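Commentary on secondary and tertiary structure
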Amino acid sequence: MRFSTSRLLRPFFVDVLVIILMVALALPILPAQASTLSPSVTAIKPEQIPEAAGKGSFVAKAVNLVGPAVVRIDTERTVTRRSSPDPMLEDPFFRRFFGEDGFPQAPREEHLRGQGSGFIIDRGGVILTNSHVVNGADKVTVTLKDGRIFEGKVRGADAVTDLAVVKIDGGSLPVASLGNSDQIQVGDWAIAVGNPLGLDNTVTLGIVSTLKRSSAQVGIPDKRLDFIQTDAAINPGNSGGPLVNDQGEVIGINTAIRADAMGIGFAIPINKAKAIKDQLAKGERIIHPYLGVQMTLLTPELARQNNSDPNSAFVVPEVNGVIVVRVLPNTPAAKAGLRRGDVITQIDEQAITTAEQLQTIVENSRLGQTLQVKVLRGDITKQLPVQTAELKDAA
């Protein structure tokens with residue numbers, strides 16, 4: 001007798017199918033299945049969707065708040081250079097043959113253009129930006145996000161803090177809300193808004209990666225700033241634009257890029273700008289006291305390394321402080337008798353452990369104030385009175 005394989009297997013398949021259906025009916029129904037498998041399960045209502053997913057991200061909200069107040073700043077300036085009437089005459093052979101007096105230098109004008117960013121802080125048209133964005137500009141043009149164009153006037157600029165105020169004539173202009181840079185923490189969101197590389201209204205996102213990064217560490221020792229460090233992309237043209245928190249408040253002013261670092265930018269804390277913006281808007285000069293020394297950190301470990309080196313120029317005390325590496329001529333420090341190799345350990349009985357700390361004390365002092373500077377010179381301790389002067393007088 002022959003047996004059909006298909007007939008033998010058919011009951012088996014039927015039994016398996018029944019089991020699968022029973023298991024499926026016993027399983028809980030997932031939310032995504034509710035609309036098709038069970039009308040008794042309620043679907044997620046639109047109002048139950050998380051706010052960030054349903055109404056746009058916090059970045060979009062922050063940018064919508066500050067974006068209309070961010071402006072592009074275009075500058076023009078004319079420089080005059082001396083040049084020969086014919087480039088061929090720059091050839092050393094011709095100059096040696098005919099003599100230097102045979103080639104009068106003709107003045108030649110060049111028109112240089114620059115671009116940066118800024119943001120409006122007053123409905124009447126007061127704009128904050130970087131000093132280097134508008135430095136030496138003969139003409140300043142301000143373009144708003146909505147396309148309106150204004151002629152800008154530089155009311156005041158301070159190169160030491162790299163801050164400037166530009167004024168445009170406008171009414172009821174959009175204004176950026178200023179936050180509190182003293183309250184930000186490492187790890188907070190940081191949103192850079194500006195016009196990098198000529199690309200208007202560009203937004204980049206990152207976090208605050210470090211606070212109080214000194215200008216000396218950044219590589220611009222002629223400034224007196226403790227920067228906010230961020231990994232939000234900051235490119236040429238972003239300078240002067242706002243660094244914004246997740247609430248759309250300005251916490252910093254984008255200003256510096258490290259060419260040798262990947263993805264690191266720096267911003268001036270907004271509280272620094274708050275402290276001097278009104279003076280700049282009035283055209284007043286910002287006064288910066290100074291001593292006139294170049295210095296670096298000294299620790300007992302660094303001192304021991306120096307002292308163990310047979311080629312070291314001098315032996316230094318194995319203490320915490322700052323060591324003077326150079327005294328500038330015709331400065332308060334030179335007049336008070338400070339010398340290279342002196343180790344500053346105190347100012348007005350306050351212990352000094354870093355160069356940034358010393359610079360902050362001097363910056364916060366009054367012009368002409370006498371500071372009692374305690375120094376170690378070899379085995380000798382000296383107390384030197386140093387009277388601060390204005391930084392612009394440094395030669």
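Presented here is an overview of the structure given in this document. (Residues numbered from 1 in each chain as written. Predicted model: local features only at pLDDT ≥ 70, side-chain atom pairs only at ≥ 80, totals over all residues. Heavy atoms only, no water.)

**Examining the side chain of Lys167**
By the element assignment, Lys167 lies in strand S6 (residues 163-167). When sequence neighbours within four positions are dropped, the list of residues in contact with Lys167 reads Gly124, Gly125, Val126, Glu151, Gly152, Lys153 and Arg155. (Helix = DSSP H or I, 4+ residues; strand = E, 2+ residues; numbered from the N terminus. Contact = heavy atoms within 4.5 Å.)

**Some remarks on the layout of surface pockets**
A volume near 500 Å³ is recorded for the second largest pocket. Along the wall of the second largest pocket there are 18 residues; nearest its centre are Lys212, Leu225, Asp226, Pro269 and Lys272. Looking at the lining of the second largest pocket, the elements that each hand over two or more residues are strand S8 (202-214), strand S9 (226-230), helix H8 (270-281) and helix H11 (355-363). When residues in the lining of the second largest pocket are grouped by element, the largest group, four residues, is from H11. (1 Å grid on protein atoms, 1.4 Å probe; cavity = no way out; pocket = protein on both sides within 12 Å on 5 of 7 lines; lining within 4 Å. Points joined across faces, edges and corners; volume = space filled by probe spheres on them.)

**Thoughts on the pairing of strand S5 (residues 149-158)**
Direction of pairing for strand S4 (residues 139-143) relative to S5: antiparallel, over a ladder of four bridges. Paired with Val142 across the strands is Phe150, a residue of S5. Here S4 hands over to S5 after five residues, with Gly147 in that stretch at a positive phi of 100 degrees. Sheet analysis places S5 next to S6, joined by five bridges and oriented antiparallel. Bridged to Ala157 within S6 is Ala164. Linking S5 back to S6 in an antiparallel pair, the connection comprises four residues, with Asp162 at a positive phi of about 55 degrees. (Pairing = 2+ DSSP bridges.)

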